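# Structure at a glance
If you want the building blocks of each chain, they are given just below.
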Amino acid sequence: NAGVTQTPKFQVLKTGQSMTLQCAQDMNHEYMSWYRQDPGMGLRLIHYSVGAGITDQGEVPNGYNVSRSTTEDFPLRLLSAAPSQTSVYFCASMGELFFGEGSRLTVL
Amino acid sequence: KNQVEQSPQSLIILEGKNCTLQCNYTVSPFSNLRWYKQDTGRGPVSLTIMTFSENTKSNGRYTATLDADTKQSSLHITASQLSDSASYICVVSAKSGNTPLVFGKGTRLSVIA
């Protein structure tokens with residue numbers, strides 16, 4: 001039982017590059033979500049999903065896409081990275097009861 | 001506007017001492033209040049979740065209190081240990097299904113020997 005697993009842990013991108021942050025959970029939780037954590041701010045919700053095939057926007061969705069083809073996986077895509085997206089990203093499941101270890105993204 | 005304010009912003013205490021962290025919120029209608037512990041470089045870990053009818057909940061040396069009338073909560077840590085050094089985040093959930101969780105900015109606690 002690995003809980004919520006995020007990859008990669010660290011990533012450096014150049015402005016305009018695209019990438020996908022992976023999130024997987026093995027607890028069969030329907031609800032999954034993505035947050036970003038910036039210095040001096042509370043965690044902010046980017047996107048969430050209440051089950052396979054269902055996604056919705058959170059507070060700060062611009063610049064990010066998500067999909068939920070299976071219960072286990074909830075990837076977060078940055079189509080054209082911007083320096084403002086430099087942050088630590090957390091994936092969560094089960095109503096934010098379980099968080100992954102985070103993915104630290106730097107956009108130059 | 002739904003907000004969660006935590007105090008103090010940071011705190012340094014000696015190992016073995018007790019401390020209390022504060023959380024004030026304006027989230028309405030209230031559903032539940034959570035406290036998380038976040039070690040440096042790690043994800044938040046849930047400590048307690050309290051609903052409107054609960055005014056105290058314990059998890060080992062951590063005791064959370066809730067006063068729904070004054071919209072205040074506290075997290076009391078007893079006999080602190082070096083491993084308690086972390087950020088403690090207060091999070092409030094509203095009853096509205098479309099309202100996301102409201103996260104406080106956290107209190108950074110440092111326990112020193």
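Residues numbered from 1 in each chain as written. Chains lettered and ligands numbered in written order. Predicted model: local features only at pLDDT ≥ 70, side-chain atom pairs only at ≥ 80, totals over all residues. Heavy atoms only, no water.

### So, the overall build of chain B
Going by this rule: Strands here mean DSSP runs of E at least two residues long; helices mean DSSP runs of H or I at least four residues long; both are numbered from the N terminus. This radius of gyration counts C-alpha atoms alone. The globule rule is 2.2 Å times how many residues there are, raised to the power 0.38.
Each helix and strand counted, chain B has zero helices and eleven strands in total. Its helices and strands in sequence order give chain B the pattern β-β-β-β-β-β-β-β-β-β-β, from N to C terminus. Relative to its length of 113 residues, chain B is compact, with a C-alpha radius of gyration of 14 Å against a globular reference of 13 Å. With respect to the principal axes defined by its C-alpha atoms, chain B has extents near 45 × 25 × 20 Å.

### Thoughts on the pairing of strand 8 (residues 72–77) of chain B
Residues and elements named next belong to chain B. Going by this rule: At least two DSSP bridges between two strands are needed for those strands to be called paired.
In this sheet, strand 8 lies alongside strand 3 (residues 19–25) in antiparallel orientation, the contact comprising six bridges. Across the sheet, residue Q22 finds its bridge partner in strand 8, namely S74. Pairing of strand 7 (residues 62–67) with strand 8 involves six bridges; the strand directions are antiparallel. Among the inter-strand pairings, T63 is bridged to a residue of strand 8, identified as H76. Linking strand 7 to strand 8, which pair antiparallel, is a turn of four residues; within it K71 sits at a positive phi near 60°.

### Observations concerning the interface of chain B and chain A
As a reminder, the rule being used: Any two residues whose heavy atoms approach within 4.5 Å at even a single point are treated as in contact. Buried area is understood as the total, over both parts, of accessible area removed when two parts are fitted together, assessed with a 1.4 Å probe. Within this document, salt bridges are pairs made up of a side-chain nitrogen of Lys or Arg and a carboxyl oxygen of Asp or Glu, the two lying within 4 Å of each other. What qualifies as a polar contact is a pair of N or O atoms within 3.5 Å, subject to a donor-acceptor requirement within protein and to the restriction that residues adjacent in sequence count only when both atoms come from side chains.
Taken together, the contact pairs 16 residues of chain B with 16 residues of chain A. Across the interface of chain B and chain A, roughly 1,200 Å² is buried in total on both sides, 55% from carbon and sulfur atoms. Contact with chain A buries surface across chain B, with P44, P100 and F103 of chain B losing the most and accounting together for 36% of the total. Here chain B and chain A share one salt bridge between them. Between E101 of chain A and R42 of chain B there is a salt bridge, with its nearest N and O atoms 2.4 Å apart. Put simply, chain B and chain A have four residue pairs in polar contact (both at pLDDT 80 or more) between them. Elements that contribute at least two residues to the side of chain B that touches chain A include exactly strand 4 (30–38) and strand 5 (45–51) of chain B.

### A short note on the sheet that holds strand 1 (residues 4–7) of chain B
All names here are of chain B. Formally: Here an axis means a line fitted to C-alpha atoms, over the contact stretch when the element is a helix, while the angle between two N-to-C directions is reported on a 0 to 180 degree scale.
As summarised here, the arrangement of the five strands in space is 1-3-8-7-6, forming an open sheet in which the pairing is antiparallel. If you trace the sheet from one side to the other, it starts and ends with strand 1 and strand 6 (56–59), each paired once. The sheet shows a mean angle of 15° between the axes of neighbouring strands, direction not considered.

### A few points about the sheet that holds strand 7 (residues 64–66) of chain A
Residues and elements named next belong to chain A. Strand order in this open sheet of four strands is 1-3-8-7, and the pairing throughout is antiparallel. In the strand order of this sheet, the two ends are held by strand 1 (4–7) and strand 7, each with one partner. Across the sheet, the axes of successive neighbouring strands diverge by a mean angle of 20°, strand direction being ignored. Pairing analysis gives three bridges linking strand 3 (residues 19–25) to strand 8 (residues 76–78), with the strands arranged antiparallel. Looking across to strand 8, one finds that L21 is bridged to L76.

### Let's talk about the state of the cysteines
To keep it simple, the criterion reads: The criterion for a disulfide is a pair of cysteine sulfur atoms lying within 2.5 Å. A simple rule labels every residue: compare its accessible area, found with a 1.4 Å probe on the protein chains alone, to the largest value its type can have, and call it buried under 20%, exposed over 50%, or partly exposed in between.
Inspection of the entire model under this criterion finds two disulfides over all chains. A sulfur-sulfur separation of 1.9 Å characterises the disulfide bridge that pairs C23 of chain A with C91 of chain A. Here the disulfide of C23 of chain A and C91 of chain A is left-handed, its torsion about the S-S bond being about -75°. Pair noted here: C23 of chain A is in strand 3 and C91 of chain A is in strand 9 (residues 87–93), with a separation of 68 residues, a long-range link. The same class applies to C23 of chain A and to C91 of chain A, which are both buried. Each disulfide pairs two cysteine sulfurs, and for C23 of chain B the partner residue is C90 of chain B, the sulfurs being separated by 2.0 Å. An S-S torsion of about -65° defines the bridge between C23 of chain B and C90 of chain B as left-handed. In this pair, C23 of chain B is assigned in strand 3 and C90 of chain B in strand 9 (residues 86–94), connecting sequence segments 67 residues apart. This pair shows no difference in class: C23 of chain B is buried, exactly as C90 of chain B is.

### Notes on the packing of aromatic side chains
Stated precisely, the cut-off is as follows: Only the six-membered ring of Trp is used, alongside the rings of Phe and Tyr, when aromatic pairs are assigned; centres must lie within 6.5 Å, and planes under 30 degrees apart are stacked while those over 60 apart are edge-to-face, with the rest tilted. Charge over a ring is defined by NZ of Lys or CZ of Arg lying within 6 Å of the ring centre and within 35 degrees of the ring normal.
What the rule picks out here adds up to eight aromatic pairs over all chains. A ring pair is formed by Y31 of chain A and Y48 of chain A, whose centres lie 6.0 Å apart and whose planes are at 25°; its orientation type is stacked. In this pair, Y31 of chain A sits in the loop between strand 3 and strand 4 (32–37) while Y48 of chain A sits in strand 5 (residues 44–51), placing the two residues 17 residues apart along the sequence. On the basis of relative accessible area, Y31 of chain A is assigned to the partly exposed category, the value being 22%. A ring pair is formed by Y25 of chain B and F30 of chain B, whose centres lie 5.2 Å apart and whose planes are at 25°; its orientation type is stacked. Classification of Y25 of chain B by relative accessible area gives buried; the value is 4%. Residue classification places F30 of chain B among the buried residues on the basis of a relative accessible area of 10%. The cationic tip of R68 of chain A hangs over the ring face of F74 of chain A; the distance from NZ or CZ to the ring centre is 5.8 Å. Over the face of the ring belonging to Y62 of chain B we find R61 of chain B, whose NZ or CZ atom lies 5.7 Å from the ring centre.

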